[in-house]
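# Tertiary structure, described
Given next are the chains, with one letter for each unit.
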Amino acid sequence: MRLKVVAGNWKMNKTYGEALMLATEVAYDASKVHHQRLLTILAPPFPFLSAVSRSIEGTEGMAVAAQNCHQEEAGAFTGEVSVPMIISAGARFVIIGHSERRMIFNESNELLLQKTKSAINHGLKPIFCVGETKAQRDSGKHFETIKEQLDETIFHLNEFSFLEIIIAYEPVWAIGTGVNASAAQAQEMHAFIRQTISGKFNQKLGDSVSIIYGGSVSPKNAKEIFSCKDVDGGLIGGAALNTEDFSNIRKAMISCLE
Ligand code: PEP
């Protein structure tokens, strides 16, 4: 049975005190409302990784993710953060290939593969993002785009490394816009990704990888999206900054498991 995941990507939001308060509130909520198949992940900004990790320590079913990593282990890369640093701060996951990294910071598929390999080699699990732009969807190229992103990145991994990955399908047009993919659009793409993985590796792997959806998930639409057969949870941006909204999104996931 696949792991279900609700992950909050805080992006470049919150100060130290605010981050600690949010993490503490989410951990309290998760200690009251939980399910053994659900993993709740918080992805705070780098400076708060340690403090957030400590504040969720001992809460079952919770983990911390970094939002990015550098591909090298150490060295003269002023301002960068390596995978061993992230692990030493208490994180178990790292988001790689978010569309904001791809588009604003020009991260190529080649670079994303290097980052992914570095993470896996050190035991940090990637939440690997793929997604098409509005223009790509409007021109009917969404499946082709996702296939290409997979082909040029995580399809270069071997089967054992691939097992470490969570995939996040995040259509760029849905991120931070308030326009989510419909449940049917999400299901269709998640099924496509799963079939593509089965074709590339084998069906067992395709069936076992968790594929989560991201893009304007809210307490209102979460249940409909999460109840799709091939959707294993969500990567949440805006709604993860508010304890109540995030809690209701977690509850929506749990209600699909009962
Ligand atoms: C995201 O940034 O990964 C995201 C899905 O954002 P939002 O939920 O705000 O659309």
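No experiment lies behind these values; they were computed from the predicted model shown.

### Considerations on the sheet that holds strand β6 (residues 166-169)
The strands making up a sheet associate through hydrogen bonds between their backbones, and the pairing can be parallel or antiparallel. Pairing is parallel in the closed barrel, where 8 strands are placed in the order β1-β2-β3-β4-β5-β6-β7-β8. Across the sheet, the mean angle separating the axes of adjacent strands is 25° when strand polarity is ignored. Packing of helix α2 (residues 49-56) onto the sheet brings it into contact with β2 (38-43) and β3 (62-66), and relative to β3 it is tilted by some 175°.

### Comments concerning the packing of helix α1 (residues 16-32) against helix α12 (residues 243-257)
Interaxial distance between α1 and α12 falls to 10 Å at its minimum, and their mutual angle equals 30°. As for the relative orientation of α1 and α12, their crossing is right-handed in sense. Two secondary-structure elements touch here, α1 through L22, E25, V26, D29 and A30 and α12 through T243, F246, S247 and R250. Across the contact of α1 with α12, the residue classes break down as 4 nonpolar, 2 polar and 3 charged.

### Details of the state of the cysteines
Taken as a whole and judged by the stated rule, the model has 0 disulfides. The thiol sulfur of C129 is not disulfide-bonded, and the nearest other cysteine sulfur, from C69, lies at 12 Å. Judged by its relative accessible area of 1%, C129 falls in the buried class.

### Notes on the site of the ligand
Contacts to the ligand come from 14 residues, most closely from K11, E170, G176, S216 and G237. A distance of 2.5 Å separates an oxygen atom of the ligand from a polar side-chain atom of K11. At 2.7 Å, a backbone N or O of S216 approaches an oxygen atom of the ligand. For the ligand, the accessible surface in isolation is 290 Å², of which the surrounding protein chains cover 95%.

So, how was this worked out
- Residues numbered from 1 in each chain as written.
- Predicted model: local features only at pLDDT ≥ 70, side-chain atom pairs only at ≥ 80, totals over all residues.
- Heavy atoms only, no water.
- Pairing = 2+ DSSP bridges.
- Helix = DSSP H or I, 4+ residues; strand = E, 2+ residues; numbered from the N terminus.
- Axes fitted to C-alpha atoms, helices over the stretch in contact; angles between N-to-C directions.
- Contact = heavy atoms within 4.5 Å.
- Left-handed = near helix turned anticlockwise from the far one by under 90°.
- Nonpolar A, V, L, I, M, F, W, Y, C, P; charged D, E, K, R; others polar.
- Disulfide = S-S within 2.5 Å.
- Buried < 20%, exposed > 50% of the residue type's maximum accessible area, 1.4 Å probe, protein only.
- Near = heavy atom within 4 Å.
- Polar contact = N/O pair within 3.5 Å; in protein donor to acceptor, adjacent residues only side chain to side chain.
- Areas by Shrake-Rupley, 256 points an atom, 1.4 Å probe, with all protein chains shown as cover.

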